[in-house]
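Structure assessment
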Amino acid sequence: MKTSVVWFKTDLRLHDNETLVKAIAQSDQIIPVYCFDDSHFETTDYGFKKTGNFRAQFLLESLQNLDRSLRELNSGLLILRGKPEVEIPKIVAEYKAQKVFAKREVAFEEKQMELLLQTELFKLRCEFETSSTSTLYHAEDLPFSIKDIPDVFSNFRKKIEKDATVRPIFDKPLFINSPKFPESVLPTLADLGLEYKAIDCRAAIQFEGGENEAIKRLNHYFFETKSISNYKETRNEMIGTDYSSKFSAWLALGCISPRFIYQEIKKYESQFGSNDSTYWLVFELLWRDFFRFMFKKHQTKFFLYSGIKTDRENSKSLNENLLSQWISGTTNSDFINANMLELKLTGFMSNRGRQNVASYFCNELNIDWRLGAAYFEQQLIDYDVCSNWGNWAYLAGVGNDPRGHRYFNIEKQANDYDKKHIFRDLWLKS
Ligand code: FAD
């Protein structure tokens, strides 16, 4: 009897899950596990939590949903807590597993973890196989080697659009052969050193974790409201549920796959027609791919003050006062304050808002951009290591912006995107 462990991480779904499909195909019995890695709940060197309350709550909901869905297929999710390189080998030994399957990582800490686990599994003569499951375009289908991936997004996009295709999705399994598992017990937020904080009722969306909610959201945004047909015109707005897809949080935890979204866009286009907006959502998903592949190429550089550039000065000294004004939404810009309050009280901020507050942080407050990125890491429900640090480096002028230095005139932006002060009033007056 061949037993395999499937280690779920940020791929908390049953549809289009190559890791799971491969494991089922090669095994008689599957042990699905999730490990609450203690290091994900620590305070970083920047003084912020690696995972804040909002995202932790979303994670718990996503795991509950995954466990329920696995149980419907005769399986279930074993919940572990501690260091993955210690806890997963214990499961391997207990169930006499011969192989562990997992999603392939690109960012530094995650890659280190893969290596640590692989070393421990080797001692148990257990194989370790990873699959690339996060991106729209499969890493193996890129029309360039990793080192030759263009650093400029438009060059990357044009070549991909011309020379690569999106693979079809993997179907959700119909049955999973697993031993009978005890009921899964998730840690509470308090166990994780956090506390429950309700998302403010003014939030653009009340995110709820899990694959079911992700698919519900997609059906709402595409087929029920047809909002996707206006995406290009509305995507820079800041109030309301449907100005943008809001797929980011589910994408970040892998509750939905970008290829599934792509397939549904194609379905939508065949029923209701394609336009610039339906194309633009794919365009944005390509940005997400781009940052992930950039991490594969440049690795730890995205965490350096100088980013992927070589000609930058040293890090700046910290002005604590300015940092705390930015965080608490008490700077001298009402537009920045409104956005920062939204982030603090909901765990979300529009893309327009993120660009402005990051630009303000780097150019007006003149603080080391990595502190801003670290605060976002704590606060965002949709935090994704590559999208977050990649976008921050871009706005700090040390990433993939070919212009080198992008400066947002905050007053002009406020006037262009919140002319009637509705967004500012929502957060500052009520
Ligand atoms: P939509 O406009 O509906 O876009 C659809 C999807 O495309 C998004 O869900 C996302 O997966 C992808 N996408 C869109 N814009 C970008 C972009 N600029 N970079 C990468 N992917 C993109 N996005 C994250 O998912 N996680 C982060 O941690 C994150 N941090 C950011 C930090 C800064 C400073 C900035 C400027 C942007 C950041 N973004 C991040 C990108 C973007 O702001 C969010 O993806 C988007 O606002 C989420 O809302 P949505 O799902 O409604 O987006």
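Residues numbered from 1 in each chain as written. Predicted model: local features only at pLDDT ≥ 70, side-chain atom pairs only at ≥ 80, totals over all residues. Heavy atoms only, no water.

Let us look at the domain arrangement of the protein chain. Split by domain assignment, the protein chain resolves into domain 1 (3–133), domain 2 (211–299) and domain 3 (304–428). Relative to domain 3, the C-alpha centre of domain 1 lies at a distance of 32 Å. Across the interface of domain 1 and domain 3, roughly 1200 Å² is buried in total on both sides, 67% from carbon and sulfur atoms. Sorting the residues of domain 1 by area buried against domain 3 places Y46, F48 and F54 first, and these three jointly supply 54% of that buried surface. For the interface between domain 1 and domain 3, the tally reads one salt bridge. In this structure, K50 engages E377 in a salt bridge whose closest nitrogen and oxygen atoms are separated by 3.2 Å. Inspection of the region where domain 1 meets domain 3 yields six residue pairs in polar contact (both at pLDDT 80 or more). (Domains from an automatic or database assignment. Buried area = accessible area lost by both parts, 1.4 Å probe. Salt bridge = Lys/Arg side-chain N within 4 Å of Asp/Glu carboxyl O. Polar contact = N/O pair within 3.5 Å; in protein donor to acceptor, adjacent residues only side chain to side chain.)

Another aspect to go through is the site of the ligand. Around the ligand sit 27 residues in total, of which Y231, S244, S245, K246 and N351 are the nearest. At 3.1 Å, a backbone N or O of F247 approaches an oxygen atom of the ligand. A distance of 3.1 Å separates an oxygen atom of the ligand from a polar atom in the backbone of D384. Contact with the protein chains removes 97% of the 810 Å² of surface that the ligand exposes when unbound. Of all elements in the fold, only α8 (248–252), α10 (276–298), α13 (351–364) and α15 (385–395) reach the threshold of two or more residues within the shell around the ligand. (Near = heavy atom within 4 Å. Areas by Shrake-Rupley, 256 points an atom, 1.4 Å probe, with all protein chains shown as cover. Helix = DSSP H or I, 4+ residues; strand = E, 2+ residues; numbered from the N terminus.)

Take the packing of aromatic side chains next. Considering all chains together, one arrives at 41 aromatic pairs under this definition. Seen from their ring centres, Y34 and F36 are 5.1 Å apart, and the 75° between their planes marks the pair as edge-to-face. Judged by relative accessible area, which is 8%, Y34 ranks as buried. Where F153 meets F283, the ring centres are 5.4 Å apart and the plane angle is 80°; that geometry is what we call edge-to-face. (Phe/Tyr/Trp six-rings, centres within 6.5 Å; stacked < 30°, edge-to-face > 60°. Buried < 20%, exposed > 50% of the residue type's maximum accessible area, 1.4 Å probe, protein only.)

In this section: the side chain of T278. Relative to the helices and strands, T278 is located in helix α10. Looking at T278, its side chain comes within polar contact range of the main-chain oxygen of N275, at 2.9 Å.

So, about the pairing of strand β2 (residues 29–37). Within β2, nine of the nine residues are buried, which leaves it mostly tucked inside the rest of the structure. The side-chain alternation of β2 yields two buried faces, one formed by Q29, I31, V33, C35 and D37 and the other by I30, P32, Y34 and F36. Where strand β1 (residues 3–8) and β2 come together, six bridges link them in parallel fashion. Note on β2: the bridge partner recorded for V6 is P32. Where β2 lies against strand β3 (residues 78–82), five bridges are found, and the strand directions are parallel. (Pairing = 2+ DSSP bridges.)

Despite not being glycine, R125 has its phi angle at roughly 55°, a positive value. Among the structural elements, R125 can be located in the loop between α4 (108–123) and β5 (127–131). Judged by relative accessible area, which is 77%, R125 ranks as exposed. Phi is positive for K226, close to 55°, though the residue is something other than glycine. Tracing the backbone shows K226 in the loop between α6 (211–224) and α7 (231–234). The partly exposed category is assigned to K226, whose relative accessible area is 32%.

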